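Topology and contacts: notes
Chain by chain, the residues run as shown.
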Amino acid sequence: MEIKKFNDLEEKIRNIVSAYTELKTKHDKLEEQLKNKDLELQETYNKIRGLNEERDTIRSKVDSLLDLLQDINAAQ
């Protein structure tokens, strides 16, 4: 009877270790995915920042050109 309990306990421990191994593998994969998504997010943020800077530069140039056109219209 005691050996049966010991065998049951051994089987439960094996199942726990197996489940732990599976969860550890899944955790590692998820960590890697999270790291990749963080890198993608940072790249996207940098791209948006660059586009915003470009937009501001273009806006400034357009404003300057509009001011020049107003000066031409005022001179006429």
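Preceding block: the structure.
For the structure given in this document, a descriptive report is provided here. (Residues numbered from 1 in each chain as written. Predicted model: local features only at pLDDT ≥ 70, side-chain atom pairs only at ≥ 80, totals over all residues. Heavy atoms only, no water.)

A closer look at the pattern of salt bridges
When the charged atoms of two side chains with opposite charge come close together, those side chains can pair. All told, the structure shown has five salt bridges when counted by the stated rule. One salt bridge connects K24 with D28, and the closest N-O pair in it is separated by 3.3 Å. Of this pair, K24 and D28 are both found in helix α1 (residues 2-75), four residues apart, which corresponds to roughly one turn of the helix. Using a relative accessible area of 38% as the deciding quantity, one classes K24 as partly exposed. Looking at D28, the relative accessible area reads 39%, which means it is partly exposed. For E40, the salt bridge is made with K37, and the minimal N-O distance between the two is 3.7 Å. Taken together, the residues E40 and K37, both in helix α1 and three residues apart, mark about one turn of the helix. (Salt bridge = Lys/Arg side-chain N within 4 Å of Asp/Glu carboxyl O. Helix = DSSP H or I, 4+ residues; strand = E, 2+ residues; numbered from the N terminus. Buried < 20%, exposed > 50% of the residue type's maximum accessible area, 1.4 Å probe, protein only.)

Let's talk about the environment of I3
Here I3 lies in helix α1. Owing to a relative accessible area of 59%, I3 belongs among the exposed residues under this scheme. Spatially, the C-alpha atoms of I3 and E31 are 41 Å apart, while their sequence positions differ by 28 residues.

These values are about where atoms sit, not about what they do.
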